[in-house]
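Residue-level structural notes
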Amino acid sequence: MTATNAEEPTDLRKAGLKAMRDALPGVFPEGDIDLRDGRLGEELVEIGLTSVWGALWAREGLSPRDRSLVTLGILIALGAETELRTHLRVGVTNGLTREEIAEVIYHAAGYAGFPAATAARTAAREAFHD
């Protein structure tokens, strides 16, 4: 499915739920789910569901595996360890090996810096219980 700006938000939400379920099997129950938790900023997950998972991950043009490689590099560069932990698991679901993930971290050291790569290595060890 190619997501465009002309699509209805519910279509992006459905596409986002499918993309999230594909990337994180077993995490989200089937059917329409409410991701709000009644706390401050509860809409953030819903915004991400439509704008990131629905409008980006559901697009054609890059395979899920390629999107994972790009996402890992960006998250390492941003120092976004919390999101990185989740996307490390998504990367494995999308076919990346642990050795390839290590290579992404090594490569990021040259562009994002050694501290960012070290933090990414720590996040990967935590995500993989290594």
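Keep in mind that this is a model prediction, so the values were computed, not measured. (Residues numbered from 1 in each chain as written. Predicted model: local features only at pLDDT ≥ 70, side-chain atom pairs only at ≥ 80, totals over all residues. Heavy atoms only, no water.)

Scanning the protein for helices and strands turns up 6 helices and 0 strands. In the protein, the order of α-helices and β-strands from amino to carboxyl end is α-α-α-α-α-α. Computed over C-alpha atoms, the radius of gyration of the protein comes to 15 Å, within 12% of the 14 Å expected from 2.2 N^0.38 for 130 residues, which places it in the range of a compact globule. Seen through its C-alpha atoms, the protein measures out along the principal axes to roughly 40 × 35 × 25 Å. The proportion of buried residues among the 130 residues of the protein is 38%. Sequence-distant contacts in the protein: of pairs separated by 6 or more residues, those separated by 24 or more amount to 60%. Just so you have it, the protein exposes about 8,000 Å², and 57% of that area is on carbon and sulfur atoms. Both charge centroids of the protein, one from 14 positive and one from 20 negative side chains, sit 3 Å from each other. (Helix = DSSP H or I, 4+ residues; strand = E, 2+ residues; numbered from the N terminus. Rg over C-alpha atoms; globule rule 2.2 N^0.38 Å. Buried < 20%, exposed > 50% of the residue type's maximum accessible area, 1.4 Å probe, protein only. Contact = heavy atoms within 4.5 Å. Areas by Shrake-Rupley, 256 points an atom, 1.4 Å probe, with all protein chains shown as cover. Lys, Arg positive; Asp, Glu negative; His and termini not counted. Charge placed at Lys NZ, Arg CZ, Asp CG, Glu CD.)

Moving on, we get to the packing of helix H3 (residues 64–78) against helix H5 (residues 98–112). At a minimum axis distance of 10 Å, the contact between H3 and H5 shows a crossing angle of 45°. Here H3 lies oblique to H5, going by the angle between them. The two elements H3 and H5 meet at a crossing, and its hand is right-handed. Listed contacts from H5 to Arg-65, Leu-69, Leu-72, Gly-73, Ile-76 and Ala-77 of H3 are Glu-100, Ile-101, Val-104, Ile-105, Ala-108 and Ala-112. (Axes fitted to C-alpha atoms, helices over the stretch in contact; angles between N-to-C directions. Parallel < 35°, antiparallel > 145°, perpendicular 65-115°, else oblique. Left-handed = near helix turned anticlockwise from the far one by under 90°.)

Treat this as a map of the structure, not an account of what it does.
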